[in-house]
Amino acid sequence: MGSFSLFGATPQVLFDDASGRVTYLPDVVPAATAQAWFEQLFEGIAWRGGRRMMYEREVDVPRLRAHFDLDDPALPAPLPEALGAVRAMVDAPFTSVGLNLYRDEHDSVAPHNDKLEDLVRGHPIALLSLGATREMVIRAKRPPRRVLHLDLAAGSLLLMDYASQFHYDHGIPKQRAPMGPRISLAFRVRPTLRMDETPPPADPGTA
Ligand SMILES: O=C(O)CCC(=O)C(=O)O
Ligand SMILES: [Fe+2]
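Attention here is on the structure that accompanies the text. Just so it is clear, the structure is predicted and the values come from calculations on it, not from any experiment. (Residues numbered from 1 in each chain as written. Chains lettered and ligands numbered in written order. Predicted model: local features only at pLDDT ≥ 70, side-chain atom pairs only at ≥ 80, totals over all residues.)

**Quick word on the site of ligand 1**
Around ligand 1, the surrounding shell consists of G98, N100, V109, D114, L127, M136, L152, H170, I172, S184 and A186. Secondary-structure elements contributing two or more residues to the shell around ligand 1 are β6 (96–102), β12 (168–172) and β13 (182–188). Among the residues forming the shell around ligand 1, the class breakdown is 6 nonpolar, 4 polar and 1 charged. (Near = placed C-beta within 6 Å. Helix = DSSP H or I, 4+ residues; strand = E, 2+ residues; numbered from the N terminus. Nonpolar A, V, L, I, M, F, W, Y, C, P; charged D, E, K, R; others polar.)

**Focus: helix α1 (residues 31–44)**
Given a rise of 1.5 Å per residue, 14 residues ought to cover 20 Å, and the 20 Å separating the end C-alpha atoms of α1 matches this to within 8%. Of all the residues in α1, the buried ones are A34, W37, F38 and L41. Viewed end-on, α1 has its buried residues packed into an arc of 105 degrees, placing them on one side of the element. Pointing more than 90 degrees away from the buried face of α1 are the exposed residues A32, E43 and G44. Packing partners of the buried residues in α1 comprise α2 (79–89), β6, β8 (125–131) and β13. (Expected span 1.5 Å × (residues − 1). Buried ≥ 20, exposed ≤ 12 C-beta atoms within 10 Å, placed from the backbone. Arc of directions from axis to C-beta. Contact = placed C-beta atoms within 7 Å.)

**A few points about the sheet that holds β12**
The strand order across the open sheet built from 4 strands is β7-β12-β9-β10, with neighbouring strands paired in antiparallel fashion. The open sheet terminates on both sides in strands that have one partner only, identified here as β7 (109–112) and β10 (147–152). When strand polarity is set aside, the average angle formed by the axes of neighbouring strands in this sheet is 15 degrees. One ladder, built from 6 bridges, connects strand β9 (residues 134–140) with β10; its direction is antiparallel. Looking at β10, one finds that V137 is bridged to H149. (Pairing = 2+ DSSP bridges. Axes fitted to C-alpha atoms, helices over the stretch in contact; angles between N-to-C directions.)

**A few points about α2**
Along α2, the residues classified as buried are L79, A82, A85, V86 and M89. For α2, the buried positions fall inside an angular range of 120 degrees around the axis, keeping them on one side. Counted as exposed and oriented over 90 degrees from the buried face of α2: P80 and G84.

**A short note on the nonpolar core**
Formed by 40 residues in total, the largest nonpolar core has its most connected members in V86, A126, L128, L130 and L157. Not counting residues up to four positions away in its chain, the partners in contact with V86 are F94, A126, L128, L157 and F187. (Core = buried A, V, L, I, M, F, W, Y, C linked by C-beta atoms within 7 Å.)

**Quick word on the pairing of strand β2 (residues 20–25)**
Bridging between strand β1 (residues 12–17) and β2 involves 5 bridges; their strand directions are antiparallel. Following the sheet pairing, V13 is matched in β2 by T23. Counted along the chain from β1 to the antiparallel partner β2, the turn is 2 residues long. Bridge count for β2 against strand β11 (residues 157–160) is 4 bridges, and the pairing is antiparallel. Paired with Y24 across the two strands is L158, which belongs to β11.

**Describing the sheet that holds β2**
Taken in spatial order, the 7 strands line up as β1-β2-β11-β8-β13-β6-β5 in an open sheet, and their pairing is antiparallel. Looking at strand neighbours, the two that pair on one side only are β1 and β5 (64–69), the edges of this open sheet. For this sheet, the mean inter-axis angle between neighbouring strands, taken without regard to orientation, is 15 degrees. Bridge count for β8 against β11 is 4 bridges, and the pairing is antiparallel. Residue pairing in the sheet places I125 in a bridge with M160 of β11. Contacts from α1 reach β6, β8 and β13 within the one sheet, and its direction differs from that of β8 by about 90 degrees.

**Quick word on unusual backbone geometry**
Cis geometry is adopted by the peptide bond preceding P78, which originates at A77 and carries an omega value of 5 degrees. Within the secondary structure, P78 is located in the loop between β5 and α2. For the bond from P143 to P144, the omega torsion is -5 degrees, close enough to zero to count as cis. One non-glycine residue, D27, adopts positive backbone phi at about 55 degrees. Structurally, D27 can be placed in the loop between β2 and α1.

What follows is the structure, encoded as structure tokens:
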């Protein structure tokens, strides 16, 4: 249930109350490993652009993305290793990883909460950061509008629990100063289709 190991990095609990819990764990992955993983993913992933509707107009999603199910037998390196590093810190049965590539300071993700229908209740979202440090803004949806600005450094893990998605938006704002590329890996426990919801075939013995 989103508990984390106390070995390795020292967790910084940013808040932990009725509105949810958000924890930052620096240096979950050593700097050299984080850099190697960044380069492998930057070169090796078939990054996709995207389009979305904004004010009744279609615009580019301001970053590149990719997605994998974690049980994919062709899960590309270094995603299995990255999953291992995350699982060493977080006891949650992650099933999916969403990748974001922020090419430079112009790329961003608008304030949002992760879609609750894509998450299994009670499990956290784990964001592993690689590449350039980028600022994340976490803002309460309702007054008093607590706002947190935090730097997500390479090799760090940010854990946002399920409850926090009801009460806070998070985003990566555009910057004015030039920035190198950053990749984030968003590990989630997604609901699977319940195969057991279809009625079982009639038992021939009782027909
Ligand atoms: O890049 C990040 O750290 C945030 C990504 C994010 O919020 C998402 O993928 O839903
Ligand atoms: Fe998100």
